[in-house]
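# Architecture and fold: a report
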Amino acid sequence: MTQGNLERRYVGRTDEPLLPSAAEELEHSEYRCFCPELVYVSPLLRCRQTAEILFPELMCGESELNRLIICEGLKEMDFGIFEYKTYEELKGQSAYRDWIDSNGTAAVPGGESGTGFRERCREAFLICLRDAEHRGAEKIAVVTHGGVIMSIMEAFARPRADYYHWQLQNGRGYQVHTDEKRRLPYLYL
């Protein structure tokens, strides 16, 4: 949780830190028991801080395994002119209403389209999986943003569900398993 999240703002490219209370909550997260070999993380501060709290032993080590790896493609959506604004601030703008009417798939003026964003996230995830396979890692974590998680899960989770089904609270995630027999990036809860 960041200040922008607390104020219910569209927080995409804004690079703000975690709230101290959120950092403290993460110190007690059940995810701290998970011991991945690699952690792929969005370059934005809030995700790097989350990864550092959850996996302090993986602080950008020199070895091929046991480290944090920054992945640009895991950034949250670029909300363009909607960035860091609230619904109340935007509801009277026709461009915002058009974007909402498109179910978030249309282009945001000065930002990304929802469709392009989802494609970027899916490709970034596949890059992470290929990289992990190349490095010989069998157990990885991805620390990223809600919209990115929703995009990945919509594309690859089984059973299938739509984008908004996968929405979750800050500091939460999914533990998934890949389909090893077919070597496909299908994720099973």
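For the structure given in this document, a descriptive report is provided here. (Residues numbered from 1 in each chain as written. Predicted model: local features only at pLDDT ≥ 70, side-chain atom pairs only at ≥ 80, totals over all residues. Heavy atoms only, no water.)

Before going further, it helps to spend a moment on the overall build of the protein chain. Looking only at helices and strands, one finds seven helices and six strands in the protein chain. Mapped from its N terminus to its C terminus, the protein chain presents α and β elements in the order α-α-β-α-β-α-α-α-β-α-β-β-β. Buried positions account for 41% of the 189 residues belonging to the protein chain. Of the contacts formed within the protein chain by residues at least 6 apart in sequence, a portion of 66% connects residues at least 24 apart. Surface exposure of the protein chain reaches about 10,400 Å², of which carbon and sulfur atoms provide 51%. (Helix = DSSP H or I, 4+ residues; strand = E, 2+ residues; numbered from the N terminus. Buried < 20%, exposed > 50% of the residue type's maximum accessible area, 1.4 Å probe, protein only. Contact = heavy atoms within 4.5 Å. Areas by Shrake-Rupley, 256 points an atom, 1.4 Å probe, with all protein chains shown as cover.)

It is worth spelling out the environment of Pro17 at this point. Positionally, Pro17 belongs in the loop between helix H1 (3–6) and helix H2 (20–27). With near-sequence residues (within four places) excluded, Pro17 lies in contact with Thr2, Leu45 and Gln49.

Now for the state of the cysteines. Per the counting criterion, the structure on display carries zero disulfides. The thiol of Cys121 is not disulfide-bonded; the next cysteine sulfur, from Cys71, is found 9.7 Å away. (Disulfide = S-S within 2.5 Å.)

On to the sheet that holds strand S1 (residues 38–41). Strand order across the open sheet formed by three strands is S2-S1-S3, with parallel pairing between neighbours. With one partner strand each, in any of the chains shown, strand S2 (67–70) and strand S3 (140–143) form the two edges of the open sheet. Each strand axis lies, on average, 25 degrees off the axis of its neighbour in the sheet, ignoring direction. Note: S1 against S2, four bridges, orientation parallel. Pairing of Val41 across the sheet is with Ile70, part of S2. Across the sheet, helix H3 (residues 45–54) lies against S1, S2 and S3, angled at about 160 degrees from S1, the strand it touches most. Helix H6 (residues 114–135) rests against S1, S2 and S3 of the sheet, and its axis sits at about 155 degrees to S1. (Pairing = 2+ DSSP bridges. Axes fitted to C-alpha atoms, helices over the stretch in contact; angles between N-to-C directions.)

Turning our eyes to something else, we now look at the packing of H2 against H3. In the contact formed by H2 and H3, the axes pass within 9 Å of each other and the chain directions differ by 30 degrees. Between H2 and H3, the crossing angle belongs to the class labelled roughly parallel. The interaxial crossing formed by H2 with H3 has right-handed handedness. The residues of H3 that touch H2, namely those facing Ala23, Leu26 and Glu27, are Thr50, Ile53 and Leu54. Here the contact of H2 with H3 is built from residues that sort into four nonpolar, one polar and one charged. (Parallel < 35°, antiparallel > 145°, perpendicular 65-115°, else oblique. Left-handed = near helix turned anticlockwise from the far one by under 90°. Nonpolar A, V, L, I, M, F, W, Y, C, P; charged D, E, K, R; others polar.)

Take it as geometry only, folks, not as evidence of what the structure does.
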